[in-house]
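# Secondary and tertiary structure notes
Here are the chains, one letter per residue:
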Amino acid sequence: MAPESAADDEDDYMNMSFEDTAPDKKNETLTQKKRRLAREAEQKARPKSKAELAEEERKKRDGALNKNALDTNNKGYKMMTALGYKAGSALGAAREPADGEKDTRLLEPIGLDMKDSRSGIGADAEKKRKFREEVEAQQQVDKKRKVEAGDFRERQQKEREEKRMEGQVWGAMKVCERLEEEEEAEVDAARGTPKRTKPLQCVNVLWRSLVKQRAINERDRRMRYDLHQSLSRRADYNDPEEESEDQISFAKKADTEEVDIALDNGDEELDQFEALEVSEKLANLVAYLRERWYYCFWCKYRYSDKELEGCPGATEEAHD
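Residues numbered from 1 in each chain as written. Predicted model: local features only at pLDDT ≥ 70, side-chain atom pairs only at ≥ 80, totals over all residues. Heavy atoms only, no water.

An unreviewed UniProt entry lists the chain under the name G-patch domain-containing protein, with Exophiala aquamarina CBS 119918 given as the organism.

Okay, structure coming up:
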């Protein structure tokens, strides 16, 4: 144990720190004294710069301004003391305050507010007023931007929702048309009659837009085809082996004119349906599918009776 204790008592010279302390004036050598006096003389002889003088003046001024209490060595304080003033008491004659009033006499001298600029007395108030107006104007602009951004997002969301519902409307129209064609095909098969082409005015107004748009697209396609063919063949050329469908496409039969006239005629009933909101169109189509064919557009299923047992409801939200 003795060697270990001796090792612990040894100084750790690797971790020791040596402070560079200035020598005491009494114990300093002649050379150190000469160097110290030379440094002090150099510091006293060096003139202070304008920045240093301004900094010292600012510190003195701030110290005096922050000190509101009068110094006991102040001449004014001595004069006030001779007249009966006591430290911590207010100036002026004492009087009894009325009910609800407070003693407004000052306990300390009024502090000074130094002006660093060369502007007039009311310039600071004018600057504050202008700054306040600029801040209020900027707040109004920011508020308007937030409102416009919110309106833009709402408008974008509404447009996306309407576009999605328009797709659902066209889908419901196709379902109505398909179910109608299947029902008519069953009736024609039972009667043994061929498939009939229904005039546009006889199509249900709920999906008449679909049939009309399809006919318009077909007419435009046929017109482009006719224009292309007119560049390569004479109009009065008649091919005896030409099929009847080709004759119709080349506008050599009256059926083409009848279809075009039907598309160009006004349809007041269809115009009224097209004027409805997209949501109202979809609601009418969904209700018609449920009442006419017991078909739920949201379930994509045709039920056996009008009760539609198992269907959550007539709205899309009920099927979420």
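That was the structure; now back to the text.
### So, unusual backbone geometry
Inclusion rule: A 1.4 Å probe rolled over the protein chains alone gives each residue an accessible area, and that area as a share of the maximum for its type sets the label: buried under 20%, exposed over 50%, partly exposed in between. Counting from the N terminus, the helices are the DSSP runs of H or I reaching at least four residues and the strands are the DSSP runs of E reaching at least two.
The residue Y294 is not glycine, and still its phi comes out positive at about 55°. A relative accessible area of 28% places Y294 in the partly exposed class. Within the chain, L308 stands out as a residue other than glycine whose phi angle is a positive 50°. Examined against the element boundaries, L308 turns out to sit in the segment after β2 (301–302). Under the relative-accessibility criterion, L308 is labelled buried at 5%.

### Section: the packing of helix α5 (residues 123–191) against helix α10 (residues 278–293)
Just so we agree on the cut-off: An axis is simply a line fitted to the C-alpha atoms; with a helix, the fit covers only the stretch in contact. Between two such axes, the angle follows the N-to-C directions and lies from 0 to 180 degrees. What sets the label is the angle itself: under 35 degrees gives roughly parallel, over 145 gives roughly antiparallel, 65 to 115 gives roughly perpendicular, and the rest give oblique. When the near helix sits turned anticlockwise from the far one by under a right angle, the crossing is termed left-handed; a clockwise turn instead gives a right-handed crossing. Contacts are residue-level and defined by heavy atoms, with any inter-residue pair within 4.5 Å sufficient. Each residue gets one label: Ala, Val, Leu, Ile, Met, Phe, Trp, Tyr, Cys and Pro are nonpolar, Asp, Glu, Lys and Arg are charged, and the others, such as Gly, are polar.
Interaxial distance between α5 and α10 falls to 9 Å at its minimum, and their mutual angle equals 25°. Classified by the angle their axes make, α5 and α10 are roughly parallel. Taken as a pair, α5 and α10 cross one another with a handedness that is left-handed. Of the residues in α10, those in contact with E162, M165, E166, Q168, V169, A172, M173, V175, C176, L179, E180 and E183 of α5 are V278, S279, K281, L282, L285, Y288, L289, R292 and W293. Partitioned by chemical class, the residues of the contact of α5 with α10 number 13 nonpolar, 2 polar and 6 charged.

### Notes on the packing of aromatic side chains
Which entries qualify depends on this criterion: In this analysis, rings of Phe, Tyr and Trp, with Trp reduced to its six-membered ring, are considered paired at centre separations within 6.5 Å, and the interplanar angle assigns stacked below 30 degrees, edge-to-face beyond 60, and tilted for intermediate values. Note on geometry: a ring has a charge over it if NZ (lysine) or CZ (arginine) is within 6 Å of the ring centre and within 35 degrees of the ring normal.
For the coordinates displayed, the defined rule picks out 5 aromatic pairs. Taking 6.4 Å as the distance between ring centres and 45° as the angle between the ring planes, the aromatic pair formed by W207 and W293 counts as tilted. With a gap of 86 residues between them, W207 in the loop between α5 and α6 (208–230) and W293 in helix α10 connect regions that are remote in the sequence. W293 matches W207 in its accessibility class, with the two residues each being buried. Measuring from centroid to centroid gives 4.9 Å for Y301 and Y303, while their planes differ by 85°, and the two rings are edge-to-face. Here the aromatic cluster, defined as three or more aromatic residues joined through ring pairs, consists of W207, Y288 and W293. The side chain of K281 reaches across the aromatic face of F273, ending 5.9 Å from its centre. The ring of F297 carries the charged tip of K300 above its face, separated from the ring centre by 3.5 Å.

### Here's the deal with the pattern of salt bridges
Convention followed: Any Lys or Arg side-chain nitrogen found within 4 Å of a carboxyl oxygen on Asp or Glu counts as a salt bridge.
Counting across every chain of the model gives 17 salt bridges. Here E40 and R36 are joined by a salt bridge, their closest N and O atoms 3.3 Å apart. Placement of both E40 and R36 in helix α2 (residues 30–45) is noted, with a separation of 4 residues, approximately one turn of the helix. A residue is classified by how much of its surface remains accessible, and E40, at 33% relative accessible area, is partly exposed. On the basis of relative accessibility, which here comes to 17%, the residue R36 falls in the buried class. Across the salt bridge formed by E183 and R292, the nearest N and O atoms sit 2.5 Å from each other. With E183 in helix α5 and R292 in helix α10, the pair connects residues that are 109 residues apart, well separated along the chain. Taking the relative accessible area as the measure of exposure, E183 reaches 27% and is therefore partly exposed. We classify R292 as partly exposed; its relative accessible area is 33%. In the salt-bridge network here, residues are joined through shared partners; they are E28, R36 and E40.

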